[in-house]
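Now for the letters of each chain:
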Amino acid sequence: MSASATGLPTTRRTSPGEFFAQYGIVLVLVVLVVSMTILSPILREGQQLFLTPRNLIQVLLQAAINAIIAVGMTYVITSGGIDLSVGSIVALCGVLSAMVMRDVNTFNLFGLTFSLDGPIGAVMGFGVAVGVGTLCGFANGLLITRLNLSPFIATLGTMGIFRGIALVISEGRSIYGFDQEFKNFFAGRIPINETLELPIAVIIAILIAIVFWFFLTQTRLGKYTIAIGGSEETARVAGISVQRHKVGLYALCGFLTGIAGALLLARLNSGDPTFGGLFELNAIAAVVMGGTRLSGGQGSISGTIVGALIISLVQNAMNIFNVPSYWQQVVIGTVIVFAVVLDQQRRRASRY
Amino acid sequence: MNNLEKLLTIDHISKAYGAVQALKSVSFDLFRGEIVALVGDNGAGKSTLVKILSGLIQPTSGNLIFKGRPVHFRTPADALAYGIETVYQHLALVEQLDVADNVYLGRETYRWGAVGRWLGVLDRRHMREQTATALSQLHIKIPAPTLPVSSMSGGQRQAVAIGRAVTWGRELLILDEPTAALGVEETEQVLQMIEKLRDQQGISMLIISHNMQDVYRIADRIVVLRQGRHVATINKPDTSPQEIVAYITGAKEAQVAPV
Ligand SMILES: Nc1ncnc2c1ncn2[C@@H]1O[C@H](COP(=O)(O)OP(=O)(O)OP(=O)(O)O)[C@@H](O)[C@H]1O
Ligand SMILES: [Mg+2]
């Protein structure tokens, strides 16, 4: 494609390379689903273990927590940053939320005693997780903007700090024995019809994806995020409060990670300071696979969701075929490398 | 020069970067409706002065007086609020956004009433229409306001950047090397646009350039900086490109007494 001062083609022809770069990820998803559907009965003595409502729901459930974190990560990466601390935030949120729910049973207000069992306790547990997550993200944002640290270094540091705090306050032990109301709701399922029940976590993930797709593509929040990732200085001279916006983005990522932390806590029925290991790897993998540029300035929520689904499908496939779970990390790491290679090719393809 | 109405007074502005004195007590006036060229060798302090005038950095000492009132630009937003627009050579546009999103960057309009305003829901249709109108009034030809900047030529980008600044800048337009990256034809287009703006809109402009031919052609007055010092202010009819160069290099001694 060529551009001159006098005239420009108004329509762009899409080359095969560009087409693959744009829709390749969806293609990968389709190929994975089709090949799993065919391979599963062949390799497992005629049993169709993959294409069952039960298993597919399991795939969605596996994807949900990663997808929620990855949506926040999409914003951070689009702005030209990165957040390596999300896994540690998950652990800290889980531990603190579990401890508060376990230990705070009543509180007094104006001489009245309120019981914190039941729904109020569940809401409080969720509130603690989300609040702690947001505060952690806020701290990341302040470190990056006030101390002028690179996002990589700042969140590498807080990755250690947040997990360390989780270990200290839990004394390295799992926290359980908290209100069942919390688990019942956040690990619950909503019946769609007689045979199908959708997990709450999946519904929350879908809602988050829709809301934050809207914000990224249709609002000032998304536009400024793209502008900052594209050229921070240009955004600054245009009068945008870049620092404030960046703090907000890390707080947003922490907020969504807090929600993910609450969902994980409900699912595993305990808060543990070692939970959330390599969550940053999975989230970043989903984001870069989905076509968001690691260098910033471009991001796609729908791509991120497809990326999270692919990761979940790969994990599911390995479970079905009894591949040891240790291999999963090798595969996810490889997927990240491939995604980045794909991204570089795409960038070359979009140049003229 | 419309009755010499003062727009902006730069009053003993100094800027130190650690031990480096980038600007040493620079003073001069900008009048309404004139084009002033700011010239000087590499490192003379031109960009530093521009950054101070646009609120990107603060002077170490000295004052800015805008329309007779002392002003302090703490952020770019402050300078923008006074109608001072700056086009930086490399920071003019965000490549990843389209033309309309760039023209309205930092000045978005919203739909869905109060709720939409609060959520920041962009009224892209309105901004695109307004952008198309504004650019066509300035005779800037762009196929569509939805064109991504990454697919535009250098001349088109510069035209859009200037168009953006003119759209919002009511008082003063500052252009940092507006033609440095452009070819002959594109340079000519931009120069014509600058002249047209002065003649038709009566807007003041401060233009940095290393090209003496361009400077001599479009400027009403020329301000020369040398090693952070203001060494000369010359009216165009009284000078020649050779004399300007002599001031820049120091072959000709300072005309402005050090203060
Ligand atoms: N951020 C900074 N930190 C330290 N020194 C700086 C900084 N910015 C500029 N300087 C110094 O201030 C002096 C003036 O620089 P400035 O960029 O204003 O020059 P200029 O006239 O715009 O030059 P050019 O024609 O090369 O663009 C130079 O000596 C430069 O090295
Ligand atoms: Mg300069």
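Treat the numbers as computed from the prediction; the structure is a model and nothing was measured.

Novice: Help me understand the confidence of the model for chain B, please; the structure alone is not making it clear to me.
Specialist: Reading predicted coordinates in detail is not appropriate for stretches of low pLDDT. Within chain B, residue pLDDT values average 90, and 97% of them lie at 70 or more. Listed scores for the predicted complex are pTM 0.89 and ipTM 0.88.

Novice: How should unusual backbone geometry be read in this particular structure?
Specialist: Apart from glycine, the bulk of residues carry a negative phi angle, and the bulk of peptide bonds sit in the trans form. Residue and element names in this part refer to chain A. A positive phi is found at Glu 171, a non-glycine position, where the angle reads about 50°. Mapped onto the fold, Glu 171 is located in the loop between helix H5 (151-170) and helix H6 (180-186). Judged by relative accessible area, Glu 171 falls into the exposed class, the value being 57%. Even without glycine at this site, Leu 278 takes up a positive phi of about 65°. You can call Leu 278 partly exposed: its relative accessible area is 32%.

Novice: Mind showing me how you'd approach the site of ligand 1 here?
Specialist: Residue and element names in this part refer to chain B. Near ligand 1 the following residues occur: Tyr 17, Val 20, Ala 22, Asp 41, Asn 42, Gly 43, Ala 44, Gly 45, Lys 46, Ser 47, Thr 48 and His 210. Measuring from an oxygen atom of ligand 1, one finds a backbone N or O atom of Gly 45 at 2.9 Å. Between ligand 1 and Lys 46, the relevant distance is 2.7 Å, taken from an oxygen atom to a side-chain nitrogen or oxygen of the residue. Relative to its free-state accessible area of 630 Å², ligand 1 is covered by the protein chains to the extent of 61%. Mapped by element, the contributors of at least two residues to the shell around ligand 1 are strand E2 (20-31) and helix H1 (46-53). The residue inventory of the shell around ligand 1, partitioned by class, reads four nonpolar, six polar and two charged.

Novice: Please explain the interface of chain B and chain A as it appears in this structure.
Specialist: It is common to give the size of an interface as the accessible area lost on bringing the parts into contact. Each partner contributes residues to the interface: chain B has 38 residues there, and chain A has 30 residues. Summed over both partners, the interface of chain B with chain A buries about 2,600 Å², with 62% contributed by carbon and sulfur atoms. In this structure, the connection of chain B to chain A is made through two salt bridges. The residue Asp101(B) makes a salt bridge to Lys223(A) at a minimum N-O spacing of 3.8 Å. Counting across the interface, chain B meets chain A through seven residue pairs in polar contact (both at pLDDT 80 or more). If you list the elements that add at least two residues to the side of chain B that touches chain A, you get helix H2 (76-81), helix H4 (113-119), helix H6 (154-168) and helix H7 (184-201) of chain B. Of the residues in the side of chain B that touches chain A, the class split is 21 nonpolar, eight polar and nine charged.

Novice: Please clarify how the packing of helix H8 (residues 220-230) of chain A against helix H10 (residues 242-268) of chain A should be interpreted in this entry.
Specialist: Residues and elements named next belong to chain A. Across the interface, H8 lies against H10 with an axial gap of 11 Å and an inter-helix angle of 110°. The pairing of H8 with H10 is recorded here as roughly perpendicular in orientation. Between H8 and H10, the contacting residues are Leu 221, Tyr 224, Thr 225 and Ile 228 on the first element and Val 242, His 245, Lys 246 and Leu 249 on the second. Residues of the contact of H8 with H10, tallied by class, amount to five nonpolar, two polar and one charged.

Novice: Any chance you could explain the layout of surface pockets here in plain terms?
Specialist: Gaps left between atoms are located by rolling a probe of water-molecule size over the structure's atoms. Residues and elements named next belong to chain A. Quantified by volume, the second largest pocket comes out at close to 570 Å³. Every residue lining the second largest pocket is counted, 25 residues in all, and those nearest its centre are Gln 62, Gly 277, Phe 279, Asn 282 and Gln 315. Its residues assigned to classes, the lining of the second largest pocket shows 13 nonpolar, 11 polar and one charged.

Novice: Explain the pairing of strand E9 (residues 221-226) of chain B to me, please; I cannot follow it from the model alone.
Specialist: Side-chain positions along a regular strand alternate between the two faces of the sheet. All names here are of chain B. Counting buried residues in E9 gives six out of six residues, a clear majority hidden from the surface. On E9, burial covers both faces: Arg 221, Val 223 and Leu 225 on one face and Ile 222, Val 224 and Arg 226 on the other are all buried. Both strand E3 (residues 35-40) and E9 contribute to a ladder of five bridges, which runs parallel. Along E9, the bridge assignment pairs Ala 37 with Ile 222. Of the pairings in the sheet, the one linking E9 to strand E10 (residues 229-235) comprises six bridges and is antiparallel in character. Residue pairing across strands places Leu 225 opposite His 230, the latter belonging to E10. The loop that links E9 with its antiparallel partner E10 comprises two residues; one of these, Gln 227, has a positive phi angle of about 50°.

Novice: Mind showing me how you'd approach the sheet that holds strand E1 (residues 6-17) of chain B here?
Specialist: The pairing of strands in a sheet happens through backbone hydrogen bonds and is either parallel or antiparallel. Residue and element names in this part refer to chain B. With respect to topology, four strands assemble into an open sheet ordered E2-E1-E4-E5, the strand pairing being antiparallel. Sheet topology places E2 and strand E5 (69-71) at the edges, where each strand pairs with a single neighbour. Taking the axes of each pair of neighbouring strands and ignoring which way they run, one obtains an average angle of 25° across the sheet. The pairing of E1 with E2 spans eight bridges and is antiparallel. Bridging across to E2, Tyr 17 finds its partner in Val 20. H1 rests against E1, E2 and strand E4 (61-66) of the sheet, and its axis sits at about 120° to E1.

Novice: Whenever I open this one, H5(A) confuses me. Can you help?
Specialist: Because each turn of an α-helix spans 3.6 residues, side chains separated by three or four positions end up pointing in the same direction. With 20 residues, H5(A) extends 28 Å from end C-alpha to end C-alpha; this agrees with the ideal 28 Å at 1.5 Å per step. Where H5(A) ends, the next residue or the one after it, Glu171(A), has phi of about 50°, a positive value.

Novice: I keep staring at empty space enclosed by the protein and nothing clicks. Help me out?
Specialist: Per the counting criterion, the structure on display carries four cavities of 30 Å³ or more. Sorting the residues of the lining of the largest cavity by element identifies helix H9 (232-237) of chain A together with H2, strand E6 (84-87) and H6 of chain B as the ones contributing at least two each. When residues in the lining of the largest cavity are grouped by element, the largest group, four residues, is from E6(B). Inspection of the lining of the largest cavity shows a minimum of three residues originating in each of domain 1 (1-83 + 172-259) and domain 2 (93-168) of chain B. If you add up the space inside the second largest cavity, you get close to 70 Å³.

Novice: I'm lost on helix H12 (residues 301-320) of chain A in this one. Help?
Specialist: Here H12(A) is 20 residues long and its end C-alpha atoms lie 28 Å apart, about the 28 Å a rise of 1.5 Å per residue gives. Just downstream of H12(A), Asn322(A) is the residue with a positive phi angle, here 60°.

Novice: How should the packing of H6(B) against H7(B) be read in this particular structure?
Specialist: Residue and element names in this part refer to chain B. With their axes 9 Å apart at the nearest point, H6 and H7 run at an angle of 15° to one another. When the axes of H6 and H7 are compared, the pair comes out roughly parallel. Seen along the crossing, H6 lies across H7 with a hand that is right-handed. Residue-level contacts link Gly 154, Gly 155, Gln 158, Ala 159, Ile 162, Gly 163 and Val 166 of H6 to Glu 186, Val 190, Met 193, Leu 197 and Gln 201 of H7. A per-class count over the contact of H6 with H7 returns six nonpolar, five polar and one charged.

Definitions and cut-offs
Residues numbered from 1 in each chain as written. Chains lettered and ligands numbered in written order. Predicted model: local features only at pLDDT ≥ 70, side-chain atom pairs only at ≥ 80, totals over all residues. Heavy atoms only, no water. pLDDT = per-residue confidence, 0-100. Helix = DSSP H or I, 4+ residues; strand = E, 2+ residues; numbered from the N terminus. Buried < 20%, exposed > 50% of the residue type's maximum accessible area, 1.4 Å probe, protein only. Near = heavy atom within 4 Å. Polar contact = N/O pair within 3.5 Å; in protein donor to acceptor, adjacent residues only side chain to side chain. Areas by Shrake-Rupley, 256 points an atom, 1.4 Å probe, with all protein chains shown as cover. Nonpolar A, V, L, I, M, F, W, Y, C, P; charged D, E, K, R; others polar. Contact = heavy atoms within 4.5 Å. Buried area = accessible area lost by both parts, 1.4 Å probe. Salt bridge = Lys/Arg side-chain N within 4 Å of Asp/Glu carboxyl O. Axes fitted to C-alpha atoms, helices over the stretch in contact; angles between N-to-C directions. Parallel < 35°, antiparallel > 145°, perpendicular 65-115°, else oblique. 1 Å grid on protein atoms, 1.4 Å probe; cavity = no way out; pocket = protein on both sides within 12 Å on 5 of 7 lines; lining within 4 Å. Points joined across faces, edges and corners; volume = space filled by probe spheres on them. Pairing = 2+ DSSP bridges. Expected span 1.5 Å × (residues − 1). Domains from an automatic or database assignment. Left-handed = near helix turned anticlockwise from the far one by under 90°.

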